Structure formats: C-alpha cells, structure tokens
Amino acid sequence: MVERNYMRLEFLSKSNNESFARVVVAAFASQLDPTIEELSDIKTAVSEAVTNSIIHGYEYKEGMVIIEATIEDNRIEIIVEDKGKGIEDIDKAMEPFYTSKPDLERSGMGFTVMETFMDGLEVESQVGKGTRVKMIKNFKSLSDRE
Amino acid sequence: MRFSTDTIKDHLIIKLEGELDHHTSEELRKKIDQLYFSNNLLNMVLDLRGLNFMDSSGIGLIMGRYKNCKERKGNLSIISTNPHIERILKMSGLLKIVNLYSSIDEIIKG
C-alpha cells in the first residue's frame, strides 16, 4: 500500500513535450512499483491524451496542458486538461477510428487506446472552454504477482 | 527517434529506433514518402524492432504508408518483436491487412 501522493505538471502545447509528459507521469507512477507492461500502458495513454490536447484542443496554437496525477493504495488517477476548443460530440470522438482530422493521418484510435490500456476513462468537455480527461489504473499489488 | 534506410530490390526498408509518437512521426512521414516516391519503389518494410515506444500516431503513420503502397500495387510489411507494439498493432486492426514478420529474411527471399 502506498501513501497518497500528488503531482501537477503544466507545459506548453508543443509536440516535443509529448515525450516529456509521459516520462514524467511514468516516473511518478514508479512509486507504485508497476510492471514494465503497466508502465508502458500509462505512457501510451498519457501520450494519447496529451497529443489530443495539442492537435485537437489547441490545433497547434500555443496553450497550456495541465497534468495532475494522484497515487494512493495501488491505483493512479491521471487528469490531462487543456483550455482549448473543446469537443462538440464526445460520443462521436470516442468511436474507434473516428477522426476529425483525417488529412493529418490521425488513426482515430486515441480514446480507444486510453480505454483499453487503462481501467477507467472519463471525458468532460465544453466547447470553447476545454477538455478534461480522467484516467484510472489499478496496479496489481506485489503479493498478487507470481 | 533515429532511422536508417536501405533499398533491396524494389523494397524500401526503414529501420526505426527510439520512440514513435505524434512529434516524431510527422517528420518521418515526409522523409519516407520522399524516398519511396523519388526512387520509384514498389514495396516497403517498416522495421519496428528498435522502437521502445509507439502510440496511435504510429498506427496513423503505418496506415498512410500502406495506402501509398496499395496505390502502387506494392506491399507493406512490418517487422516487430515487441509485445507492447504488437498489442497496439492488433488493436488497430492493421494486422488484418499488413503482414507481420520477425526478420527481414522472411520478407525478401532469394
């Protein structure tokens, strides 16, 4: 069992920060002693959420992306937030292979990856105000691992 | 992200190393397309064995190159031995249309 811990990270919506963001969250999650696979899942999910903020939220304009992460017991909660343009139709955006930007060769898989690799996903968005993605992952405790 | 390229017969072989995400895929895409079209090649091999990270931007990159190959009636093949990358490839449905190999010799015979 890990005592509660919290972090907040704020950075400019530049694509070279995608790697920075996922590495920071993974390093923070390391306190839960995750398996390589669990760590890889977190990195991928964070990368998807941050990429969405940069491409869709801010549409390559400058803005701030905020990540908050909380660990407690054997779980991590990660919030990725932007103050960008927001999502008009969340259900549609979450459909596998749907993309509003096919010309950029987006696969439309972002939310599907987040859903598959994490144990919980909630998306809140307001047009003109921004988007907030909350993801939860439960780690198998050391005693459960063989 | 680092990459190296090679041409064997009419195959363009692209060997990727490092992390393939939205940031690294944009420039890579331009370079691959330039090599493929300017050298008038038919088939393409993406060697992902050196990658230690790939997200759905990698899927977008592979799908785009697949379309280019199909337009020329060529084939796109993937080499990968990393289970995490294979998981995301499988999730995307890409493996239904693109063949996965574990070495270059399996693709280019004789």
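Coordinates for the structure precede this section.
Residues numbered from 1 in each chain as written. Chains lettered and ligands numbered in written order. Predicted model: local features only at pLDDT ≥ 70, side-chain atom pairs only at ≥ 80, totals over all residues. Heavy atoms only, no water.

1. Details of the layout of surface pockets
Space left empty within the atom packing is revealed by a probe, the size of a water molecule, rolled over the atoms.
Residue and element names in this part refer to chain A.
So, step 1. In this structure, the largest pocket spans a volume of roughly 620 Å³.
So, step 2. The wall of the largest pocket is formed by 30 residues, among which H56, I87, A93, S100 and F111 lie closest to the centre.
So, step 3. Counting residues per element, the ones that place at least two in the lining of the largest pocket are α2 (36-57), β3 (75-82), α3 (90-94), α4 (110-117) and β5 (130-138).
So, step 4. Its residues placed into classes, the lining of the largest pocket shows 9 nonpolar, 13 polar and 8 charged. (1 Å grid on protein atoms, 1.4 Å probe; cavity = no way out; pocket = protein on both sides within 12 Å on 5 of 7 lines; lining within 4 Å. Points joined across faces, edges and corners; volume = space filled by probe spheres on them. Helix = DSSP H or I, 4+ residues; strand = E, 2+ residues; numbered from the N terminus. Nonpolar A, V, L, I, M, F, W, Y, C, P; charged D, E, K, R; others polar.)

2. Brief notes about the sheet that holds strand β5 (residues 99-101) of chain B
Residue and element names in this part refer to chain B.
So, step 1. Here we have 5 strands laid out as an open sheet, ordered β1-β2-β3-β4-β5, and mixed in their pairing. Each having just a single partner strand, β1 (2-8) and β5 make up the two edges of the open sheet. When the angles between neighbouring strand axes are averaged without regard to direction, this sheet yields 25 degrees.
So, step 2. The strands touched by helix α2 (residues 56-71) are β2 (11-20), β3 (43-54) and β4 (76-79); relative to β3, the strand with the most contacts, the crossing angle is about 175 degrees. (Pairing = 2+ DSSP bridges. Axes fitted to C-alpha atoms, helices over the stretch in contact; angles between N-to-C directions. Contact = heavy atoms within 4.5 Å.)

3. Points about the pairing of β3(B)
Residues and elements named next belong to chain B.
So, step 1. Among the 12 residues in β3, 9 count as buried, and that is most of the element.
So, step 2. Pairing of β2 with β3 involves 9 bridges; the strand directions are parallel. Bridge pairing links K15 to D47 in β3.
So, step 3. Note that the unit made of β2, helix α1 (residues 22-38) and β3 has a crossover that is right-handed.
So, step 4. In this fold, the crossover linking β3 to β4 by way of α2 has right-handed handedness. (Buried < 20%, exposed > 50% of the residue type's maximum accessible area, 1.4 Å probe, protein only. Right-handed = clockwise from strand over helix to strand, strands pointing away.)

4. Thoughts on empty space enclosed by the protein
So, step 1. Scanning the model with the defined rule gives 1 cavity of 30 Å³ or more in all.
So, step 2. Roughly 70 Å³ of volume is contained in the largest cavity.
So, step 3. Lining the largest cavity we find A:L104, A:E105, A:R106, B:H22, B:S25, B:E26, B:R29, B:S57, B:G60 and B:L61.
So, step 4. Secondary structure elements with two or more residues in the lining of the largest cavity: α1 and α2 of chain B.
So, step 5. The leading source of residues in the lining of the largest cavity is α1(B), at 4 residues.
So, step 6. Looking at the lining of the largest cavity, its residues break down into 2 nonpolar, 4 polar and 4 charged.

5. Quick look at a negative patch on the surface
Residue and element names in this part refer to chain A.
So, step 1. Side chains of E88, D89, D91 and E95 sit close together on the surface and give a patch of like negative charge.
So, step 2. Secondary-structure assignment places D91 in helix α3.
So, step 3. Using a relative accessible area of 63% as the deciding quantity, one classes D91 as exposed. (Patch = residues over 30% accessible without salt bridge, like charges linked within 9 Å, V, L, I, M, F, W, Y side chains within 5 Å. Areas by Shrake-Rupley, 256 points an atom, 1.4 Å probe, with all protein chains shown as cover. Salt bridge = Lys/Arg side-chain N within 4 Å of Asp/Glu carboxyl O. Lys, Arg positive; Asp, Glu negative; His and termini not counted. Charge placed at Lys NZ, Arg CZ, Asp CG, Glu CD.)

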